[in-house]
Amino acid sequence: MNRRAFLTAGVSVGLAGPAMAAGAGEACAPMRGTGDLGLIIERATGSVLIVDVGAHKTLSRIEGLGDLSHATAVFGPSERYAYVFGRDGGLTKVDMLACRIEKRVIQAGNAIGGAISDDGALIVASNYTPGGIKVFDANDLGELASVPAIGANGKPSKTVGLVDLPGRRFAYALYDADEIWIADFSAGMSPALTKFTNVGRLPYDANVTSDARHYLAGLFGEDGFAHVDLWADKPEVTRVVSGYNAGREKLPIYKMPHLEGWGQSGSTLVLPAAGQHEVLLLNLETMREEARIPAHSQPVFCVARPDGREVWINFAHPHNNTVQVLDVFTRKIVHTFQPGPAVLHLEFTPRGHEVWISVRDADRIDIYDVRTRTKKAEIAGVKPSGIFFTARAHRLGA
Amino acid sequence: MARRLEIALAVGIVSLMAAGASQAGDRAAELTALVREDCGSCHGMTLKGGLGAPLLPADLAEKDASSLAAIILDGVPGTPMPPWRGLVSEADARWIAEHLKQGFPQ
């Protein structure tokens, strides 16, 4: 099917609802589970694809989600509803079974991402303009709280690195104020805020380990990470993996590294360096740097295969046609390949038999067999970026 | 298609005027994609800003094209704005700067 026909089919679904034929000319089945569904962002056209992961098929294209550059998605606990956070401040609740938009609000002028509470009740958006976080009811997207991010410097800040923590809590970093905040909504919609100041210059992104223990914010204004041990009675911020640029020229970064989906392998965390063509291995038991592994270029995503043995890495412009595979056990790059122009994101199937790779400038998503590292299928997508499988509903962190 | 041709023509004229360089329409398309897609990863695909500053004409009214071209080529130390020299030529940077000020092509 050519693209025009495909687009037209997608539109008809959006208008007419789930009973109509879906994007690929097939019904979006009314009776099915959602555990092998995925949502893929088409950043330039404000649309998303609902995909059947097992069948390697697009079920529907849903349009009208606004500016989806740098968009991200989280899933409710039933794995039926996706919440898509757009650049333009749009928050869209997508019904993955009916293949339609359930509800959409414009909640800010400029946004960066979001998270969902452990009980699935609260959707939280992280915003650039105005900075801060906002909390929404997961059912109807009604606004429940707005927490501005005014740092100790008195200035409003962009918020980055928002993650959920157990007990209706959320952690995030203040890019313009060098702070990390934890907002606790367990007692109601006026959160108890814990603030850490002087965490390091320009925290650009953050994530939390799957045990909700280690929150790490990558720093852009210095070479290192701000670490908070959330299991401590009185958590405090320490710098870890500091000084990796010492004595070396900081190389230009044409795309900021991302910590979403980061590479956790047992007690080792694989992190992108900022300004070196390397990945950095952090030992989570000692919180010391274990190794620096030279890589193809400036890393963007370091994504662990679900079993943790391998971490697959993509890279910044102008070297973004390449993916490398790091064997964390032997600490060697064991495979380097070129999926195509502008590899933006990677997503493993929940148990890691496949990895889906968005190749933006080829307008396709490539599906690789992880064991043989060979391409087994592809699906078409217009400028695809983020790939999100519903199994994320049951994972902590971003 | 007509739009693409219009851009290509505009590019040809501007680059001849501004930089004296002969810049084919293909390069204009490449630069347009570069700005929207790759600059867009920080500045937003619509250029309304993100981690990086907004780059719409109203935001750039106080800045002249040469200083914008210099920022593109040499970056802004202490911020994430990297130097693009080596990836874009001076004529490219000038073309991008002038088109940002005018309202960047889609």
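This section reports on the structure supplied with the text. (Residues numbered from 1 in each chain as written. Chains lettered and ligands numbered in written order. Predicted model: local features only at pLDDT ≥ 70, side-chain atom pairs only at ≥ 80, totals over all residues. Heavy atoms only, no water.)

**Looking at the overall build of chain A**
Part 1: Counting its secondary structure elements, chain A contains one helix and 32 strands.
Part 2: The buried share of chain A, taken over its 398 residues, is 61%.
Part 3: Across chain A, every contact between residues at least 6 apart in sequence was considered, and the portion connecting residues at least 24 apart equals 43%.
Part 4: Here chain A has roughly 14500 Å² of accessible surface; of this, 50% comes from carbon and sulfur atoms. (Helix = DSSP H or I, 4+ residues; strand = E, 2+ residues; numbered from the N terminus. Buried < 20%, exposed > 50% of the residue type's maximum accessible area, 1.4 Å probe, protein only. Contact = heavy atoms within 4.5 Å. Areas by Shrake-Rupley, 256 points an atom, 1.4 Å probe, with all protein chains shown as cover.)

**Regarding the nonpolar core**
Part 1: The biggest cluster of nonpolar side chains holds 42 residues, and the ones touching the most others in it are I180, Y215, L216, F225, V241, L271 and L282 of chain A.
Part 2: Elements supplying a minimum of two residues to this core: β12 (159-165), β13 (169-174), β14 (179-184), β16 (203-208), β17 (214-219), β18 (225-229), β21 (268-272) and β22 (278-283) of chain A.
Part 3: Two domains each put at least three residues into this core: domain 1 (3-244 + 343-394) and domain 2 (245-338) of chain A.
Part 4: The residues touching I180 of chain A, leaving out its near neighbours within four places in the chain, are Y172, A173, T194, K195, F196, V199, Y215, A217, A226 and V228 of chain A.
Part 5: Membership of the second largest hydrophobic core comes to 22 residues, among which are A28, L55, A69 and F104 of chain B. (Core = buried A, V, L, I, M, F, W, Y, C linked by side-chain atoms within 4.5 Å. Domains from an automatic or database assignment.)

**Describing the pairing of strand β30 (residues 364-369) of chain A**
Residue and element names in this part refer to chain A.
Part 1: Burial runs high along β30: five of the six residues are buried.
Part 2: Summarising the sheet, strand β29 (residues 354-359) and β30 pair through six bridges and their orientation is antiparallel. Among the inter-strand pairings, S358 is bridged to a residue of β30, identified as I365.
Part 3: Hairpin remark: β29 followed by β30, antiparallel, with four residues in the connecting loop; positive phi at D363, about 55°.
Part 4: Pairing analysis gives six bridges linking β30 to strand β31 (residues 374-380), with the strands arranged antiparallel. (Pairing = 2+ DSSP bridges.)

**Details of helix α2 (residues 25-43) of chain B**
Part 1: Maximum bend of α2 of chain B: about 30°, positioned at L34 of chain B.
Part 2: At the C-terminal side of α2 of chain B, G44 of chain B shows a positive phi close to 85°. (Bend = angle between axes of the 7 residues up to and from the residue.)

**A word on the environment of C39 of chain B**
All names here are of chain B.
Part 1: Relative to the helices and strands, C39 is located in helix α2.
Part 2: Note on C39: relative accessible area 18%, which makes it buried.
Part 3: Considered as a pair, C39 and M81 are 42 residues apart in the sequence and their alpha carbons are 9.5 Å apart.
Part 4: Discounting residues that sit within four places of it in the chain, C39 has contacts with L34 and G44.

**Some thoughts on the sheet that holds strand β19 (residues 237-240) of chain A**
Residue and element names in this part refer to chain A.
Part 1: Read from one edge to the other, the open sheet built from four strands follows the order β16-β17-β18-β19, with strand pairing classed as antiparallel. Only two strands of the sheet have a single neighbouring strand rather than two, namely β16 and β19. Taking each pair of neighbouring strands and ignoring which way they run, the sheet shows an average axis angle of 25°.
Part 2: With five bridges connecting them, β17 and β18 associate as antiparallel partners. Residue pairing in the sheet places A217 in a bridge with A226 of β18. (Axes fitted to C-alpha atoms, helices over the stretch in contact; angles between N-to-C directions.)

**Examining helix α4 (residues 90-102) of chain B**
All names here are of chain B.
Part 1: Between the first and last C-alpha of α4 there are 18 Å, a value that for 13 residues agrees with the 18 Å anticipated at 1.5 Å per step.
Part 2: Taken residue by residue, α4 has A91, D92, A93, W95, I96, A97, E98, H99 and L100 as its buried positions.
Part 3: Once α4 finishes, G103 follows within two positions and takes phi at roughly 110°, a positive value. (Expected span 1.5 Å × (residues − 1).)

**Notes on the environment of P57 of chain B**
All names here are of chain B.
Part 1: Within the secondary structure layout, P57 lies in the loop between α2 and α3 (65-74).
Part 2: Along the primary structure P57 and K101 are separated by 44 residues, whereas in three dimensions their C-alpha atoms are 4.6 Å apart.
Part 3: Setting aside chain neighbours within four positions, we find P57 in contact with L100, K101, Q102 and G103.

**Points about the interface of chain B and chain A**
Part 1: Listed as interface residues are 20 residues of chain B and, on the opposing side, 26 residues of chain A.
Part 2: A combined buried area of about 1900 Å² lies between chain B and chain A, and 57% of that area is made up of carbon and sulfur atoms.
Part 3: On inspection of chain B and its partner chain A, the count reaches three salt bridges.
Part 4: Here R43 of chain A and E37 of chain B are joined by a salt bridge, their closest N and O atoms 2.2 Å apart. (Buried area = accessible area lost by both parts, 1.4 Å probe. Salt bridge = Lys/Arg side-chain N within 4 Å of Asp/Glu carboxyl O.)

**Considerations on the sheet that holds β30 of chain A**
All names here are of chain A.
Part 1: The sheet built from four strands is open, its strands ordered β28-β29-β30-β31 with antiparallel pairing. The open sheet has two edge strands with one neighbour each: β28 (343-348) and β31. Here the strands of the sheet are splayed against their neighbours by 25° on average, with no regard to which way each runs.
Part 2: With five bridges connecting them, β28 and β29 associate as antiparallel partners. Following the sheet pairing, L346 is matched in β29 by I357.

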